[in-house]
Amino acid sequence: MPHHTRAWAFLAAAAVAALAAFFVPLLAAGGVGNGAGATAAATPAVPVDVGVILDLATGLGKKSLLGVEMALEDLYAARPDFTTRVRLHARDSDRDVVTAASAAVDLIRDEKVSVVIGPQSTLQAEFVTYLANKTKVPVISFSATGDAAIQYHLPYFLRACAKDSFQAAAIAAFVEAYGWKNVVVVYEDDNYGVGILPSITDALQDVEAHIIYRAAIPASSPDHLIDEELYKLMTMQTRVFIVHMLPGPASHLFARASAAGMMSEGYVWIVTANVGIVLDVLPQHTVENMQGVVGFRPYVPKSARIIDFMSRFDALFRAKYHQAHDVRMARPTISQYWAYDVAWAVATAVEKVNRVGFPNIGFQTPQDAGKNLVNGLPTSTAGPELLSSILEADFDGLAGRFRFVDRHMDVPVYEVVNVVGEKARGLGFWSPGSGLLRLLNSTFTEDQAKSSVSASEVLKPVIWPGDSTTVPKGWDFPVNAKVLRIAVPVRHEFKNFVNVEANHNTNGSRASGYSIDVFEAAVNRLPYALRYEYIPYDCANSYDQLITQVYYKKFDAAVGDVSIIANRSKYVDFTMPYTESGVSMLVLAKNDDRTTMWIFLEPLTEDLWIATMVFIFFTGLVVWMIENPKNERFQGSKWKQFSTSFYFTFSTLTFSHDQIIEKLHSKVVVVIWCFVVLVLVQSYTASLSSLLTAQRLQPSVTDPRQLLRNGDYVGYQNGSFVHAMLRRLQFDERKIKVLSTLEEYAKALKAGSKHGGVSAIFDENPYLNSFITQYGKDFQIVGPIDRTDGFGFVFPRGSPLVPDLSKAILNITEGCEGFQIQKKWFGDATPSPEYGSPDTDSVRLSLQSFKGLFIVNGFALCVMLVINLPEFIRAKSTELRNLSLQRANSSGEVASDNEPQQLQNNNAAPGGEPLQIERETD
């Protein structure tokens, strides 16, 4: 069925329904009245005047007014018991700020409206809200999304839509997902366009992206002005453009961009919500110029209520405005959903206020009325109550949950769409809690939401401008791009850092070296193209002159072995250093072959020596305790037992002990102890060998103060800032010598101060490391003596290249690429094993290294001690008893042998007669 036939059928059905709704209640009332006699007349509804300010000449204004009217019709059809009826007073602001303000004055002063719906644009809202705040008339806008409208505290202005700043995080997430680092913002040159800049700038900075240019285009710009601005964008490297404009100016911009060839492959165009909302209803010729554009818009899921509203809206709009030539332009958008919800909320709030004690919603005329236009406006008596009632609204509207949060709608879910053909194709969604999602019901952990995720993993494939499916790099070689003039210092020494040679093929110069390779590797890692040329510059023995040239922008940058120091950073910006930092002292190494008579004690630390001796005695004690009771070799005198036990234990150190032990427990103890001894002996031997055989090189000077005390000569590299450091260290100018080449370094140090040379050379670590790799072990580095930040690349203050190059340098120096570059120019910089003085502390063996062995051995000894202690005690007790009995028996035998002789002697009296003595017996 054709569209116009369906529309007329719908209108006919609607008319029949309206007539039925009007006459059936009358017939029913009449029937009841006839039956009951008579009834009181129905109470008339209280009319409440509500103003509407829209640009009625635009499609948005016409559609929004229709949405408001449909909302009131639906509300009162659903709630016929309401005692109030909103009476609309529409005014055309004619796309003019002053006209909008005049309309507001007319509505408040003449029509006595209680609420104003609108105005349509952010600029108009700024003026109208001041009038609303003065007269206490709530103003609710469903389309003034700009942030500038609520910069000040204006309580009577409400925003029933999503603020522009809400989408900043969604756009930034999209930019981050594709890895773009630089963007250009094209915005409308008014308060509406400027309002989003703070939020979009902060959001992009949070994802480490930057706005490198802001293109302000007035809404009424002629073609040639837009073309000039677009050509300026073409001369830039960035190809990612974020457009924040109203639909009309945006359509004009894309028409000119298409004509300029900027809607081709490699470009990225992102539009904000005000354009994203209307992508489905723009004229066909406008959509053709926007192929490949990516847009963001608040998401409203399709429901039966939405589909019914769209069907009714389409028919009513075509019938009212005779819009039949372009079907797309008759469709409602989310702006009409918001307008519908606002009208519903206003009518509901009016009814609520009327029922709770304000039956006469009116105005109070001020005493100074007539003195001027603003002061003469009446004040709404019910304004505060109406405002409070509207703020308390909470219901399910067409656009979703209608609820004010801080006088505006809550942050919505945004839909990401892509203009392909005649419609906007959905790519995915963005929500505040989950970030980018392909499907709303998909789960996304908090860690995944915070991490950097590729867009191809969460969004559908994008068809980019030029009908391309290849993701744009975000940069390209710009038209008439500026070639950076990079100064390279001409060096006559240390050419492995920077070496400038004449290129006869191009009549120019060719730069090479470690610094050049690091810079070029960093440039290759940038997410955009960088055109540059090297220009040799003779620094005249001072890099400060090179810094001065960059400061005065004679050069765009300087690449070389330039040290980062505080004084220079006052005038220029440095990248992240790509070499190690610090100033050290290069001195002659001397061979220290002196050995002491007690060097054999050095392999073990004191605590390990003590622990070894303790366990030797403890092991001997345990073995003696186990073997003593039954092994004759561990018996005998005390000195014999002691010497046997501890000779046996000491002999295990050389594994020359005899097989004199018999019991199993003592054999277990000896086996464990021999394992400990084996480890100790082998480690001791290795450590002692290292101490005896390693070449012991020591620096000839270890402290700059030693040089000062001796009055020695010192040297530094020609043109280096180290000269100022030596003066700070109080070296006499007459004792400071200037050296230029590596050969001069070596010759001066070998000669020494007494023979026309120097005792030490002060220089930066990269130079000294380069010297050591060539001249080896005859020299040593002592320090660092002073702190610096190493070498960096020089750029003018505020250069946007510094953070990007610094990040690239960090990735290079931490990875294999940096090692390969260093190996290319300096070879294997690792000193040979013979180089340098061995660290005695690292060679010596400590108790900590063998603690585990001693714990195991000690545990075994304790176990054997506990097991054999009772037997040892019994054996000793038995031995003591036997010894006591033996002594007693020995005493008795001696007494028996002496008794006869004694008796005989005693019985012999002096006179010869024996004496009779009674013998005592036991």
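Residues numbered from 1 in each chain as written. Predicted model: local features only at pLDDT ≥ 70, side-chain atom pairs only at ≥ 80, totals over all residues. Heavy atoms only, no water.

For the chain, the name recorded in an unreviewed UniProt entry is Glutamate receptor, with Urochloa decumbens as its organism. For the chain, the Subunit (unreviewed entry) comment in UniProt is given as "May form heteromers." In its Subcellular location (unreviewed entry) section, the UniProt record describing the chain reads: "Membrane". (UniProt positions renumbered as here; feature names shortened; annotations may be inferred.)

A.B. asks: Could you give an account of the nonpolar core, with specific residues and numbers?
C.D. replies: Among the nonpolar cores identified, the biggest contains 142 residues, and F174 and W269 are the most heavily contacted of them. Counting residues per element, this core draws most heavily on helix α13 (residues 334-355), which supplies 14 residues. Setting aside residues up to four positions removed in sequence, F174 forms contacts with W180, I270, V294, F296, V416, L436, L459 and W464. Judged by nonpolar contacts, the second largest core, of 48 residues, contains V523, Y528, F791 and V802. (Core = buried A, V, L, I, M, F, W, Y, C linked by side-chain atoms within 4.5 Å. Buried < 20%, exposed > 50% of the residue type's maximum accessible area, 1.4 Å probe, protein only. Helix = DSSP H or I, 4+ residues; strand = E, 2+ residues; numbered from the N terminus. Contact = heavy atoms within 4.5 Å.)

A.B. asks: Account for the sheet that holds strand β23 (residues 557-563), naming residues and giving values.
C.D. replies: Pairing is mixed in the open sheet, where five strands are placed in the order β22-β19-β23-β31-β24. In this open sheet, the two edge strands, each paired with only one partner strand, are β22 (532-537) and β24 (572-574). Mean inter-strand twist for the sheet, computed between neighbouring axes without regard to direction, equals 35°. When β24 meets strand β31 (residues 791-796), the two strands line up antiparallel, connected through three bridges. Of the residues in β31, the one forming a bridge with F574 is V794. Across the face of the sheet, helix α18 (residues 543-551) comes into contact with β19 (484-489), β22, β23, β24 and β31 while running at roughly 150° to β23. (Pairing = 2+ DSSP bridges. Axes fitted to C-alpha atoms, helices over the stretch in contact; angles between N-to-C directions.)

A.B. asks: Please provide a residue-by-residue account of the packing of aromatic side chains, values included.
C.D. replies: Pairs of aromatic rings are described using the distance from one ring centre to the other and the angle between the two planes. Across all of its chains, the model carries 45 aromatic pairs by this definition. Pairing Y775 with F779 gives two aromatic rings, centres 6.5 Å apart and planes at 85°, and the pair type is edge-to-face. Here the basic side chain of R85 rests over the ring of Y76, its NZ or CZ set 4.4 Å away from the ring centre. Its guanidinium or amino end placed over the ring of W344, R305 lies 6.0 Å from that ring's centre, counting from NZ or CZ. (Phe/Tyr/Trp six-rings, centres within 6.5 Å; stacked < 30°, edge-to-face > 60°. Lys NZ or Arg CZ within 6 Å of the ring centre and 35° of its normal.)

A.B. asks: Quick one: what's the story with helix α26 (residues 801-814), residue by residue and with numbers?
C.D. replies: Given a rise of 1.5 Å per residue, 14 residues ought to cover 20 Å, and the 20 Å separating the end C-alpha atoms of α26 matches this to within 8%. Among the structural elements, β6 (182-188), β19, α17 (514-524), β24, β31 and α27 (816-826) are those in contact with the buried residues of α26. (Expected span 1.5 Å × (residues − 1).)

A.B. asks: Can you explain the pattern of salt bridges? Please cite residues and give values.
C.D. replies: One pass over the structure, following the stated rule, counts 29 salt bridges. Notably, a salt bridge pairs E392 with K352, separated by 2.7 Å at the nearest N-O pair. Remark: K352 occurs in helix α13 and E392 occurs in the loop between α14 (383-391) and β13 (394-397); sequence separation between them is 40 residues. Judged by its relative accessible area of 40%, K352 is partly exposed. (Salt bridge = Lys/Arg side-chain N within 4 Å of Asp/Glu carboxyl O.)

A.B. asks: Account for the layout of surface pockets, with residues named and values stated.
C.D. replies: If you add up the space inside the largest pocket, you get close to 1,000 Å³. Together, 36 residues line the largest pocket, and T58, L60, Q120, P247 and G248 are the ones closest to its centre. Elements supplying a minimum of two residues to the lining of the largest pocket: α2 (59-78), α4 (122-135), α9 (247-259) and α13. A total of four residues in the lining of the largest pocket trace back to one element, the largest contributor, which is α9. (1 Å grid on protein atoms, 1.4 Å probe; cavity = no way out; pocket = protein on both sides within 12 Å on 5 of 7 lines; lining within 4 Å. Points joined across faces, edges and corners; volume = space filled by probe spheres on them.)

A.B. asks: Account for a nonpolar patch on the surface, with residues named and values stated.
C.D. replies: A surface patch of nonpolar side chains, about 520 Å² in accessible area, is lined by M613, F617, W639, F642 and F650. Those elements giving two or more residues to the nonpolar patch turn out to be α19 (606-627) and α20 (638-651). The dominant element in the nonpolar patch, judged by the number of residues it contributes, is α20, at three residues. Tracing the sequence through the fold places M613 in helix α19. Using a relative accessible area of 34% as the deciding quantity, one classes M613 as partly exposed. (Patch = residues over 30% accessible without salt bridge, like charges linked within 9 Å, V, L, I, M, F, W, Y side chains within 5 Å. Areas by Shrake-Rupley, 256 points an atom, 1.4 Å probe, with all protein chains shown as cover.)

A.B. asks: An account of the packing of α17 against α26 is requested, with residue identities and associated values reported.
C.D. replies: Where α17 meets α26, the axes come as close as 9 Å, and the angle between the chain directions of the two elements is 110°. Of the possible angle classes, the one that applies to α17 and α26 is roughly perpendicular. The two elements α17 and α26 cross, and the hand of that crossing is right-handed. On α26, the residues that touch V518, F519, A521, A522 and V523 of α17 are L805, A808, I809 and I812. Tallied by class, residues from the contact of α17 with α26 come to nine nonpolar, no polar and no charged. (Parallel < 35°, antiparallel > 145°, perpendicular 65-115°, else oblique. Left-handed = near helix turned anticlockwise from the far one by under 90°. Nonpolar A, V, L, I, M, F, W, Y, C, P; charged D, E, K, R; others polar.)

A.B. asks: I'd love a proper account of the UniProt feature "transmembrane region" (unreviewed entry) in the chain, names of residues and values included.
C.D. replies: The feature "transmembrane region" (unreviewed entry), as annotated in UniProt, sits at residues 608-626 and 668-692 in this numbering. Helix and strand shares over residues 608-626 are 100% and 0% respectively, and the end C-alpha atoms of the span are 27 Å apart.

A.B. asks: Give me the sheet that holds strand β10 (residues 294-298): which residues, what numbers.
C.D. replies: Reading across from one edge, β7-β6-β8-β9-β10-β16-β17-β18 is the order of the eight strands in this open sheet, with mixed pairing throughout. Each having just a single partner strand, β7 (210-217) and β18 (435-437) make up the two edges of the open sheet. Strand-to-strand, the axes of this sheet are offset by a mean angle of 30°, without reference to chain direction. Two elements, β6 and β7, share seven bridges in a ladder whose sense is parallel. In the strand pairing of β7, V186 is matched with A215. Sheet strands in contact with helix α7 (residues 197-206) are β6, β7 and β8 (240-244), and its direction is about 160° off that of β7. Along the sheet face, helix α8 (residues 223-234) touches β6, β7, β8 and β9 (268-271) and points at about 165° away from the line of β7.

A.B. asks: Go over empty space enclosed by the protein with me, naming the residues and quoting the values.
C.D. replies: Any space left empty among the atoms is revealed by the rolling of a water-sized probe across them. Scanning all chains against the criterion turns up two cavities of 30 Å³ or more. By volume, the largest cavity is sized at about 60 Å³. Lining the largest cavity are G179, W180, K181, N182, T238, K473, G474, W475, P527 and Y528. The class makeup of the residues in the lining of the largest cavity is four nonpolar, four polar and two charged. Empty space within the second largest cavity amounts to approximately 30 Å³. For the second largest cavity, the full set of lining residues is T145, A162, D164, A273, N274, I277 and W338.

A.B. asks: Mind laying out helix α3 (residues 97-109), listing which residues take part and the relevant values?
C.D. replies: Taking 1.5 Å of rise per residue, 13 residues should cover 18 Å, and α3 covers 18 Å from first to last C-alpha, within 8% of that figure. Taken as a whole, α3 has its buried residues at A100, A101, A103, A104, V105, L107 and I108. For α3, the side-chain oxygen to backbone nitrogen distance between the N-cap and V98 is 3.1 Å, and the N-cap itself is D96. (Polar contact = N/O pair within 3.5 Å; in protein donor to acceptor, adjacent residues only side chain to side chain.)

A.B. asks: Account for unusual backbone geometry, with residues named and values stated.
C.D. replies: A cis amide bond, omega -5°, links G118 with the succeeding residue P119. The phi torsion at R407 lies on the positive side, around 70°, for a residue other than glycine. Within the secondary structure, R407 is located in the loop between β14 (400-405) and β15 (408-409). A relative accessible area of 29% places R407 in the partly exposed class. Non-glycine residue K553 carries a positive phi angle of around 60°. You can see K553 is positioned in the loop between α18 and β23.

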